[in-house]
Amino acid sequence: MKKVVTIGEIVVEVMATEPGLGFREPLALVGPFPSGAPAIFIDQVGRLGQPCGMVGRVGADDFGRLNLDRLAADGVDVSAIGVDPVAATGSAFVRYRPDGDRDFVFNIRQSANAGIALDDAARALIAGADHLHVMGSSLFSPALVSATDDAVAAVKAKGGTVSFDPNVRRELLDAPGMRAALAGLLDRCDLFLPSGPELLLFAEADDEEAAVDEILARGVRAVVVKRGAAGADHRDASGIVRQPAFAVEEVDPTGAGDCFGAAFVVFWLRGLPPAEALRYAAAAGARAVTRRGPMEGASTLAELDAFIVADRGAAP
Ligand code: ATP
Ligand code: MG
């Protein structure tokens, strides 16, 4: 089986229990939950039984331990996750606004994540990888951009494939070099997994369909557009495949896109046709939103199969 590797931020997430605006008053909070977009992604890859690993860095603290223990328990190779003797594990505080949007307070650039580099352990992990997944949120510093570029080059040089989810957070979009780095990744990925509105950041076009045309013309093999509860679609040279979202009660949308992307990549690498990979991805995204905590709703293959069968039974 193909080995999937990712590189980027590991954080704990602490969330406000009630919706509202920001963090300027004392709040009821729940957490820490293991998190970080690439960490959620790779945890979901691991739960599906695909060989996988992550290049990252945590502090020598409980927040780091929480993440390392979870990833290892779910089958992720953590040999390239360094433990920083000084800096603390990254964190993200999140509060949902009444309109469903989110406010974040991130401690990523100043955390152990800042020290991520392609050391010997990282190079060894990447040397054994067949596929690299990159999250735009991980390109938060020139050092991370450079480490990611090197990892992409190494995987491509040995004939591997690359997937890219821009995962743009407005709090991070203006980090030095971020916009140029995002564009550079688009030019080198095989599989592009944006959210609908993110498409327009990457094209001249001002509607989403024309933006996908432009991106395919640049050499990306397939574009999978995520639209939350409105579903997802897959476009490549042979046309479009649409996948409606499964009907579930949304408890916490964080992590849906990461679990969706992970499932899509796993089944794409296993050679399933786009419609089938997309169905598994949508099931993974739907199951993810039914659990509070970004990584808590990651699924096994048996859980996805049971969910899809149950949904067929429930269909009118
Ligand atoms: P994020 O804003 O966290 O980065 P994203 O844009 O990457 O999210 P989403 O589009 O929110 O990802 O979710 C990915 C997929 O998960 C959707 O295409 C859909 O299939 C599924 N999904 C997300 N939210 C829901 C929901 N409320 N109900 C059912 N399925 C959902
Ligand atoms: Mg996302």
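Quick notes on the rules
- Residues numbered from 1 in each chain as written.
- Chains lettered and ligands numbered in written order.
- Predicted model: local features only at pLDDT ≥ 70, side-chain atom pairs only at ≥ 80, totals over all residues.
- Heavy atoms only, no water.
- UniProt positions renumbered as here; feature names shortened; annotations may be inferred.
- Axes fitted to C-alpha atoms, helices over the stretch in contact; angles between N-to-C directions.
- Helix = DSSP H or I, 4+ residues; strand = E, 2+ residues; numbered from the N terminus.
- Parallel < 35°, antiparallel > 145°, perpendicular 65-115°, else oblique.
- Contact = heavy atoms within 4.5 Å.
- Nonpolar A, V, L, I, M, F, W, Y, C, P; charged D, E, K, R; others polar.
- Near = heavy atom within 4 Å.
- Polar contact = N/O pair within 3.5 Å; in protein donor to acceptor, adjacent residues only side chain to side chain.
- Areas by Shrake-Rupley, 256 points an atom, 1.4 Å probe, with all protein chains shown as cover.

Where an unreviewed UniProt entry is consulted, the protein appears under the name Sugar kinase, with the organism given as Lichenibacterium minor. Taken from UniProt, the Sequence similarities (unreviewed entry) comment for the protein reads in full: "Belongs to the carbohydrate kinase PfkB family."

A. Expanded view of the packing of helix α4 (residues 142-157) against helix α5 (residues 178-188). One can describe the packing of α4 onto α5 by two numbers: an axis separation of 11 Å at closest approach and a directional angle of 5°. By the angle between their axes, α4 is roughly parallel relative to α5. Touching Val145, Thr148, Asp149, Val152 and Lys156 of α4 are Ala181, Leu185 and Arg188, all from α5. Across the contact of α4 with α5, the residue classes tally to 4 nonpolar, 1 polar and 3 charged.

B. Spotlight on the site of ligand 1. Taken together, 21 residues lie near ligand 1, and Arg102, Ser195, Lys226, Gly228 and Glu250 sit nearest. A distance of 2.9 Å separates an oxygen atom of ligand 1 from a polar side-chain atom of lysine 226. Within the backbone of arginine 227, a nitrogen or oxygen atom sits 3.5 Å from an oxygen atom of ligand 1. Against a free-state accessible area of 630 Å², the protein chains account for coverage of 90% of ligand 1. Of all the secondary structure elements, the ones that give two or more residues to the shell around ligand 1 are α7 (256-269) and α8 (274-289). A per-element tally of the shell around ligand 1 places α8 first, with 4 residues. Looking at the shell around ligand 1, its residues break down into 10 nonpolar, 6 polar and 5 charged.

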